[in-house]
Amino acid sequence: MAQEDGRKDVLIEAGLALASELSLPAVLQRIVELAVEVTEARYGALGVLGPGQRISEFHTTGVSEEQRKAIGHIPVGRGILGVLIREAKSLRLHDIKDDPRSVGFPPNHPPMQPFLGAPLTARGRVFGNIYLTREPGERDFTAEDEEALLVLASQAGVAVENAHLYDEAHKRERRLEAIREIATAILAGIHSEAVLELVAGRARELAGADLATLAVPGETPGTLVIAVADGDRAEEVRGLAFPIEESISGEVISTGEPVVLEDAASDGRAFQPMVKLGEIGPAMFVPLIVRGSAFGTLAVANHADGRPFDDEDLGLVQTFAGQAAVALEYGRGQRDLQRLAVLEDRERIAKDLHDGVIQSLFAVGMGLQGTATMSGDAELQRRIGSAVEDMDRVIRDLRNYIFGLRPGILADRQLDQALRGLAEDFQEKSGVVTVVEVDPRIAAELSSRATDIVQVVREALSNVGRHAQAATCRISLRAEDGAAILEIDDDGTGFDLEWARGKGQGLGNLQGRATTLGADLTIKSALEEGTTVRLSIPISSAA
């Protein structure tokens, strides 16, 4: 009687103790310790069920740390433990090894004989089981022991529910804090690599993973590179490149869907640095998606004996993958804005050089030429003429320098080179033989308007390619009557100008370009006689 009263007191104290504990790992460990105390068992264990109803966590008492290491991997849920998982009801045995459902003990496991087990429920579902044993020769567990264990299990269920709620609230708080931290870093303009390091670190911490990696497209086409790694052995994989084909990340990018593996090391896809490390067990690979298209992966992994990942972990990592994609896209956008700012600055410098310095030099040159004509000294006229020629060369050099400040096709070439490049590209794509005749002096004179001239030629060539059915085409730029004449003509079928004006033949675009250039546009065409597009562009000198 005294023993029963003592057991009741322990159960009451156990309920109070469990109710006051909010840390889930601490609650689980306390449950198994109390179960051993209430039943006077020698050994106790609590197995937490994970994905696939397999044991993912194993809390023990009565077994030393050295013994646990010697036993090796935690049980997966076969044999008698599997019976408890499947049937979800208490089980009491005289000798565990005599039960036909037993699969025996692993090497280095301490000898055990009497067995008592009971399910642990919380929020209407079984999330684990308590296992109690004694050494061979000790007394069997009684019905009273079983009843006491069931009472403790019901108390533990309430405690676990409270601990789960607290744990979820704490995780949610940490997740929101991490998301806020990353969003602040993105908006603050912190370098994208630092933001990605933050993303990988927070994803690994909150998912409880041993390693996290970010794989993005490498410099070599068809490859991915581990841009960021955080956690165990991160230095070994950071910066490693691998082919997209035949890799887990490649499949994730191809399908846009995550891949969750219980044992990544045994996966047949060879090319994955994280897997090649070995000692990697559970892993998740989640796509990085921008504008509906996957381009990389965020992956987390545990050691071979680590816990598998569940749906909650997957949702968490997907959230961080979304932030990583935003960080990369934001960084790309910032770089584009910086490039645009540089281009705008270069355009401003080019305009200032042309409208200020070149015009001033041209005016000085005109003044010197006037002075030379007023002088009766032949030697002085020769020297002034030589100085004017030098000044013309300086003007041409300045104009060529301005070309280096222009964007697009003009970024690294002069206007005549740009026109020849357009012609070569058009001929290759259309099969129309295209000839270019450009006066380099006039091309230099028109340097400040090169972008608009290139656009006019591109528009005219587009019309030739789409409508003319021509065999040959010619692009010419020359001086004529104090103006620069740009012509694009072809030997195609031609067309009726009056009919074409309202039919979307690109004539409106050409007129708009001509207006921008301040040029006079003339288009001549007749059926079966080809077409000529002619622009007369005002220039300061037809030199």
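Residues numbered from 1 in each chain as written. Predicted model: local features only at pLDDT ≥ 70, side-chain atom pairs only at ≥ 80, totals over all residues. Heavy atoms only, no water.

In this section: the environment of Ile395. Relative to the helices and strands, Ile395 is located in helix H11 (residues 378-403). For the pair Ile395 and Ala444, spaced 49 residues apart in sequence, the C-alpha separation works out to 8.8 Å. (Helix = DSSP H or I, 4+ residues; strand = E, 2+ residues; numbered from the N terminus.)

Right, let's get into the sheet that holds strand E5 (residues 125-133). Ordered in space as E2-E1-E5-E4-E3, the five strands form an open sheet in which the pairing is antiparallel. Pairing within the sheet leaves two strands with one partner each, and these edge strands are strand E2 (55-61) and strand E3 (91-93). Mean inter-strand twist for the sheet, computed between neighbouring axes without regard to direction, equals 20°. Sheet topology note: the strand E4 (residues 115-122)/E5 ladder contains eight bridges and is antiparallel. (Pairing = 2+ DSSP bridges. Axes fitted to C-alpha atoms, helices over the stretch in contact; angles between N-to-C directions.)

Of note in the backbone geometry, Glu40 takes a positive phi value of approximately 60° without being a glycine. Tracing the backbone shows Glu40 in the loop between helix H2 (24-39) and strand E1 (43-49). Look at Gln469: it is not a glycine, yet its phi comes out positive at around 55°. Along the chain, the position of Gln469 falls in the loop between helix H14 (450-468) and strand E13 (472-480). In this structure Gln469 comes out as exposed when scored by relative accessible area, which is 68%. (Buried < 20%, exposed > 50% of the residue type's maximum accessible area, 1.4 Å probe, protein only.)

Packing of helix H12 (residues 415-430) against H14 leaves a shortest axis separation of 11 Å and a crossing angle of 20°. Classified by the angle their axes make, H12 and H14 are roughly parallel. Viewed along their axes, H12 and H14 form a crossing whose handedness is right-handed. From H12, Leu415, Ala418, Leu419, Leu422 and Phe426 reach across to H14, where they touch Ala450, Ile453, Val454, Val457, Arg458, Leu461, Val464 and Gly465. Here the residues of the contact of H12 with H14 sort into 11 nonpolar, one polar and one charged. (Parallel < 35°, antiparallel > 145°, perpendicular 65-115°, else oblique. Left-handed = near helix turned anticlockwise from the far one by under 90°. Contact = heavy atoms within 4.5 Å. Nonpolar A, V, L, I, M, F, W, Y, C, P; charged D, E, K, R; others polar.)

Now for the confidence of the model for the protein. Overall, the prediction assigns the protein a mean pLDDT of 78, with 81% of residues at 70 or greater. Every residue in residues 406-413 scores below 50 in pLDDT, and together they form 24 contacts with partners more than four places removed in sequence or on other chains. (pLDDT = per-residue confidence, 0-100.)

Once that is clear, we can look at the pattern of salt bridges. Taken as a whole and judged by the stated rule, the model has 24 salt bridges. In this structure, the salt-bridge partner of Arg42 is Glu135, at a minimum N-O distance of 3.8 Å. On the criterion of sequence distance, the pair formed by Arg42 in the loop between H2 and E1 and Glu135 in the loop between E5 and helix H5 (143-187) is long-range, its members being 93 residues apart. A salt bridge links Arg307 to Asp313, with the shortest nitrogen-to-oxygen separation between them at 2.9 Å. (Salt bridge = Lys/Arg side-chain N within 4 Å of Asp/Glu carboxyl O.)

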